[in-house]
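Report on the structure
Next come the chains, spelled out residue by residue.
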Amino acid sequence: MHKLEDLKFINSYARLPEAFHDRPMPAPFPQPYRVAFNEKAAALIGLHPEEASRAEFVNAFTGQVPLTGMEPVSMIYAGHQFGVYVPQLGDGRALVLGEVQTPEGARWELQLKGSGPTRFSRGADGRAVLRSTIREYLASEAMHALGVPTTRALTILGSDMPVYRERVETAAILVRMAPSHVRFGSFEYFAHGGYPARLKELADYVIAHHYPELAERDQPYFAFLETVIRRTADLIARWQAVGFAHGVMNTDNMSILGLTIDYGPYGFLDAYQPGFICNHSDHRGRYAFDQQPRIAWWNLACLAQALLPLLHEDEAAGVELAKAALDRFNGQFASRWTALMGAKLGLAETRREDLDLIERLLGLMAGSAVDYTRFFRALGRFHDPDWLPDLRAAFREPEAFDAWLTDYQARLAGEGREDTARLADMLAVNPKYVLRNYLAQMAIAKAEQKDFSELERLQRLLERPFDEQPEMEAYAALPPDWAEEIAVSCSS
Ligand code: AMP
Ligand code: MG
């Protein structure tokens with residue numbers, strides 16, 4: 001494990017021409033204090049956890065005093081926000097410090113979120129509030145532990161500096177990590193802004209750094225598009241299977257590595273409601289839970305459109321290529337999703353016919369607003385006379401569930417596996433603990449009083465979502481009634 005000064009930083013994105021970024025002045029961040037620190041993320045870059053107590057750590061990760069090799073830049077990008085194209089967005093409150101190169105050859109790009117205004121702030125303050133940094137910190141680590149590709153979170157640093165939202169809050173900076181923070185919108189910016197040479201430069205940069213294996217292919221740009229489509233199909237299948245709603249699937253919030261990025265008004269399902277809208281600003285439900293696969297396709301179509309000039313010199317031929325790749329998305333998504341849902345049901349192998357069994361169950365769950373996480377966690381024990389009554393009681397018409405259960409049992413019998421082995425597999429894919437909104441809210445309320453103990457407790461809990469943690473049983477309960485009153489919006 002290394003000292004701060006031993007981390008090898010370079011910023012390859014900052015080496016791209018000026019058109020790609022801004023180099024804002026460091027903004028003040030008065031009297032910073034540490035709110036959270038994640039040893040697991042620190043280990044990825046080989047940073048010794050004790051280093052987090054040093055003033056140099058706080059100075060570097062509030063953007064005040066860069067470490068050797070850091071070159072803070074804000075990235076430029078555009079994006080479709082709620083379906084409307086915005087020709088220039090960019091990091092309005094974020095700074096990429098650079099990549100840490102690990103001895104094992106991995107590269108982690110470190111980014112500050114909430115570090116102050118940049119050329120891309122569009123009149124906003126460049127800040128993030130403590131509440132939103134905690135939400136992102138907890139969610140990204142929870143998602144990672146659930147096996148969902150995501151950006152990671154290293155630390156949160158707070159300041160009592162006031163930040164004005166619907167109410168006065170305080171400022172915080174989240175340090176997040178990903179191999180790259182490039183978005184679909186990064187390509188859209190250069191494509192629609194009329195910079196074809198820059199578009200190619202960005203594609204070459206991304207391929208060289210993140211998809212080097214594609215550089216050898218006949219059509220590397222097409223292979224890149226295909227790969228992003230496949231990774232996104234896998235990502236969204238995982239979101240749907242764990243019951244995660246992102247809330248703001250704008251193209252500037254879509255990662256070219258297929259990671260979950262930019263956690264804002266997200267939500268994990270409590271009751272199974274296909275049309276669940278987690279974002280209070282999303283009046284029409286564009287980003288409702290069950291719309292996510294469709295929206296992902298739409299966003300990929302925006303990426304494909306941006307990449308068109310690189311796909312083929314003849315535009316019509318490029319369009320045909322893009323269409324062919326996009327046409328495969330639905331099949332890729334469906335097969336991933338069916339496999340993941342089949343695993344939740346404890347099927348060793350999922351077949352096409354299982355779709356009917358899965359969809360009938362989800363239909364019943366929706367009809368009775370059954371708690372998504374608790375139900376799947378308990379389902380593995382349906383044989384057990386201590387558990388079955390609770391499972392049945394979750395349904396308004398238990399007889400309909402009984403009928404489903406009969407078919408389910410028949411299907412399981414066909415596999416001929418031992419119940420104990422099946423149960424063990426089910427417990428390994430159906431989490432006991434997810435980041436319910438109200439749990440995050442309780443940690444936030446305490447943190448706003450400078451008590452960070454609940455935040456740390458939640459972080460530890462969510463690192464092991466599949467493990468029974470008997471002393472934490474209360475965190476697996478149904479949400480309290482007040483949970484419905486929590487409103488999350490884009491304000492962060
Ligand atoms: P988001 O909805 O957080 O993904 O942000 C959309 C765009 O608004 C991005 O370009 C952000 O950088 C920018 N943005 C969001 N909040 C702020 C803020 N407080 N100050 C400056 N820019 C912001
Ligand atoms: Mg964003």
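Residues numbered from 1 in each chain as written. Chains lettered and ligands numbered in written order. Predicted model: local features only at pLDDT ≥ 70, side-chain atom pairs only at ≥ 80, totals over all residues. Heavy atoms only, no water.

**So, the overall build of the protein chain**
Within the protein chain one finds 16 helices and 13 strands. Here the protein chain has a C-alpha radius of gyration of 23 Å; the compact-globule value for 492 residues is 23 Å, and the two agree. Each principal axis of the C-alpha distribution contributes one length, and for the protein chain these read about 65 × 60 × 45 Å. Burial analysis of the protein chain (492 residues in total) assigns 56% to the buried set. Considering only intrachain contacts with a sequence separation of at least 6, the fraction spanning at least 24 residues in the protein chain is 72%. (Helix = DSSP H or I, 4+ residues; strand = E, 2+ residues; numbered from the N terminus. Rg over C-alpha atoms; globule rule 2.2 N^0.38 Å. Buried < 20%, exposed > 50% of the residue type's maximum accessible area, 1.4 Å probe, protein only. Contact = heavy atoms within 4.5 Å.)

**Here we look at the environment of Phe382**
Among the structural elements, Phe382 can be located in the loop between helix 11 (372–379) and helix 12 (388–393). Considered as a pair, Phe382 and Ala191 are 191 residues apart in the sequence and their alpha carbons are 54 Å apart. Residues in contact with Phe382, not counting those within four places in the same chain, are Leu388, Leu391, Leu405, Tyr408, Gln409, Leu412 and Arg422.

**Observations concerning the side chain of Arg176**
As for its position among the elements, Arg176 is in strand 11 (residues 168–178). A polar contact of 2.7 Å, which involves the side chain of Arg176, links it to the side chain of Asp262. Not counting residues within four places of it along the chain, the set of residues in contact with Arg176 comprises Glu109, Leu110, Gln111, Lys113, Glu136, Arg152, Ala153, His181, Arg183, Ile261 and Asp262. (Polar contact = N/O pair within 3.5 Å; in protein donor to acceptor, adjacent residues only side chain to side chain.)

**With respect to unusual backbone geometry**
Residues other than glycine predominantly adopt negative phi, and peptide bonds predominantly adopt the trans conformation. Here the phi dihedral of Gln31 falls at roughly 40°; this positive angle occurs in a residue that is not glycine. Looking at the element boundaries, Gln31 is found in the loop between strand 2 (21–22) and strand 3 (33–37).

**A word on the site of ligand 1**
Taken together, 16 residues sit near ligand 1, with Gly90, Gly92, Asp125, Gly126 and Asn253 positioned nearest. Here a nitrogen atom of ligand 1 and a backbone polar atom of Arg127 are 3.1 Å apart. Separating an oxygen atom of ligand 1 from a side-chain N or O atom of Asp262 is a distance of 3.4 Å. Burial of ligand 1 by the protein chains amounts to 83% of its free accessible area of 480 Å². Per-class residue counts for the shell around ligand 1 are three nonpolar, six polar and seven charged. (Near = heavy atom within 4 Å. Areas by Shrake-Rupley, 256 points an atom, 1.4 Å probe, with all protein chains shown as cover. Nonpolar A, V, L, I, M, F, W, Y, C, P; charged D, E, K, R; others polar.)

**Concerning the pairing of strand 8 (residues 107–113)**
In summary, the side chains of a regular strand alternate between the two faces of the sheet. Buried residues dominate strand 8, accounting for six of its seven residues. Relative to strand 8, strand 7 (residues 94–101) runs antiparallel, the two sharing seven bridges. Looking across to strand 8, one finds that Val100 is bridged to Trp108. Counted between consecutive antiparallel strands, the loop separating strand 7 from strand 8 contains five residues, among which Gly105 sits at a positive phi close to 95°. In terms of strand pairing, strand 8 meets strand 11 through five bridges, oriented antiparallel. By the bridge assignment, Lys113 is partnered in strand 11 with Leu174. (Pairing = 2+ DSSP bridges.)

**A closer look at the coordination of the magnesium ion (ligand 2)**
For the magnesium ion (ligand 2), every protein donor is listed as Asn253 (OD1) and Asp262 (OD), and the spread of their distances is 2.0 to 2.2 Å. In this structure Asn253 comes out as buried when scored by relative accessible area, which is 10%. (Donors = N, O, S within 2.8 Å, 3.2 Å for Na, K, Ca; no water.)

**With respect to the packing of aromatic side chains**
Going through the model one piece at a time under the given rule, you end up with 29 aromatic pairs. Ring centres of Trp404 and Tyr408 lie 4.8 Å apart, and the angle between their planes is 20°; this geometry places the pair in the stacked category. With Trp404 and Tyr408 both in helix 13 (residues 398–415) and four residues apart, this pair spans about one turn of that helix. Here the two residues Trp404 and Tyr408 agree in accessibility, since each one is buried. Ring-pair connections join several aromatic residues into one group, and the members of that group are Tyr272, Tyr372, Phe375, Phe376, Phe382, Phe395, Phe401, Trp404 and Tyr408. Between the NZ or CZ atom of Lys344 and the centre of the ring of Phe376, over which it lies, the distance is 4.8 Å. Between Arg381 and the ring centre of Trp387, over which it is positioned, the NZ or CZ distance is 4.7 Å. (Phe/Tyr/Trp six-rings, centres within 6.5 Å; stacked < 30°, edge-to-face > 60°. Lys NZ or Arg CZ within 6 Å of the ring centre and 35° of its normal.)

**With respect to the packing of helix 15 (residues 437–447) against helix 16 (residues 453–463)**
Relative to each other, helix 15 and helix 16 sit at 150°, their axes nearing to 7 Å. Taken together, helix 15 and helix 16 sit at an angle that is classed as roughly antiparallel. Contacts between helix 15 and helix 16 involve Leu439, Ala440, Met442, Ala443 and Lys446 on the former and, on the latter, Glu454, Leu455 and Leu458. (Axes fitted to C-alpha atoms, helices over the stretch in contact; angles between N-to-C directions. Parallel < 35°, antiparallel > 145°, perpendicular 65-115°, else oblique.)

**Notes on the environment of Met472**
Residue placement: Met472 occurs in the segment after helix 16. Residues Met472 and Leu461, spaced eleven residues apart in sequence, show a C-alpha to C-alpha distance of 7.7 Å. Beyond its immediate chain neighbours, meaning those up to four positions away, Met472 contacts Tyr433, Arg457 and Leu461.

**Details of the packing of helix 6 (residues 220–242) against helix 7 (residues 292–311)**
At a minimum axis distance of 10 Å, the contact between helix 6 and helix 7 shows a crossing angle of 170°. With respect to helix 7, the axis of helix 6 lies roughly antiparallel. Along its contact with helix 6, which presents Tyr221, Phe222, Phe224, Leu225, Val228, Ile229, Thr232, Ile236, Trp239 and Gln240, the element helix 7 presents Gln292, Pro293, Ala296, Leu300, Leu303, Ala304, Leu307, Leu310 and Leu311. Residues that form the contact of helix 6 with helix 7 fall into these classes: 16 nonpolar, three polar and no charged.

**Comments concerning the pairing of strand 10 (residues 152–164)**
In terms of residue burial, strand 10 counts as a mostly covered element, since ten of its 13 residues are buried. Relative to strand 11, strand 10 runs antiparallel, the two being bridged by ten bridges. In the strand pairing of strand 11, Ala153 is matched with Arg176. Linkage of strand 10 to strand 11, two consecutive antiparallel strands, is achieved through a turn of three residues.

**A closer look at the domain arrangement of the protein chain**
According to the domain assignment, the protein chain contains domain 1 (4–180) and domain 2 (345–427). Summarising the inter-unit geometry, the C-alpha centres of domain 1 and domain 2 are found 42 Å apart. (Domains from an automatic or database assignment.)

**Topic: the side chain of Arg152**
Relative to the elements of secondary structure, Arg152 occurs in strand 10. Taking relative accessible area as the criterion, Arg152 reaches 5% and is therefore assigned buried. Reaching out from Arg152, the side chain makes a polar contact with the side chain of His144 at a distance of 3.2 Å. Other than its neighbours up to four places away in sequence, Arg152 contacts Asn38, Lys40, Ala41, Leu44, Trp108, Ser140, Glu141, His144, Val175, Arg176 and Met177.

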